[in-house]
Amino acid sequence: GDGGGSGGGGGGESGGGESGDGGSGDALGLWPLGAADSMVASEVKSSDADLLAAAEGLRGGRLDALNAEVASRIAVWSRAKELLESQLEAMESVSAYAVLGVSPDASDKALAAAYREAARRTHPDRGGDKAAFQRLQDAYSDITAARKGAGKGGGGGGG
């Protein structure tokens, strides 16, 4: 169902024994996963008719409390997904720089010089490994595309 618009829900988790019991919680409040997470998973798998029947059986503000709990958990999961995606992107970016042997703050000129040197060493026509050369090309392509997209190295006369 549409489950949601109880407005934001805050941090309080009402209901039995949700995730406040682990002590190892991270900044997002993700771990340990508790009853609220099981409830969200159960609701996602349920049909609209089952959800409606369950909602009709609830009294007073319990439905609103459950909706707030679910909305809060979904927000946490959404933030976690965004964080993990940005961390993965950063790791892939750092990995590309590592292939070239330069740091992410290297100038465009230093980046190009490192690429040329590595290309000379890894080129298959000069006894290098074809897979290593392909990784080098992919890394350089990824970095230059990302820098063009971010406008890094632009603004001035070039280099």
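Above: the structure in question.
Definitions and cut-offs
Residues numbered from 1 in each chain as written. Predicted model: local features only at pLDDT ≥ 70, side-chain atom pairs only at ≥ 80, totals over all residues. Heavy atoms only, no water. Salt bridge = Lys/Arg side-chain N within 4 Å of Asp/Glu carboxyl O. Helix = DSSP H or I, 4+ residues; strand = E, 2+ residues; numbered from the N terminus. Buried < 20%, exposed > 50% of the residue type's maximum accessible area, 1.4 Å probe, protein only. Phe/Tyr/Trp six-rings, centres within 6.5 Å; stacked < 30°, edge-to-face > 60°.

A.B. asks: I would appreciate a short explanation of the pattern of salt bridges in the present structure.
C.D. replies: Opposite charge on two side chains lets them pair, provided their charged atoms get close. Summed over the entire model, instances satisfying the criterion amount to four salt bridges. Between E85 and K81 there is a salt bridge, with its nearest N and O atoms 3.3 Å apart. Taken together, the residues span about one helical turn, with E85 and K81 both in helix α3 (residues 62-100) at a distance of four residues. By relative accessible area, E85 is classed as partly exposed at 43%. R121 is the partner of E117 in a salt bridge, and the nearest nitrogen-oxygen pair spans 3.6 Å. Separated by four residues within a single helix, E117 and R121 lie in helix α4 (residues 108-122), roughly one turn from each other. You can call E117 partly exposed: its relative accessible area is 35%. Overall, the relative accessible area of 53% leaves R121 in the exposed class. Because the salt bridges share partners, they merge into one network encompassing E117, R120 and R121.

A.B. asks: Explain the packing of aromatic side chains here, please?
C.D. replies: Each pair of aromatic rings is reported with the distance of its centres and the angle of its planes. Under the definition given, this model contains one aromatic pair. Between Y115 and Y140, the aromatic rings sit 4.1 Å apart at their centres with planes inclined by 10°, giving stacked as the arrangement. Residue Y115 is found in helix α4, and its partner Y140 is found in helix α5 (residues 130-150); the two are separated by 25 residues along the sequence. The class for Y140 is partly exposed, based on a relative accessible area of 21%.

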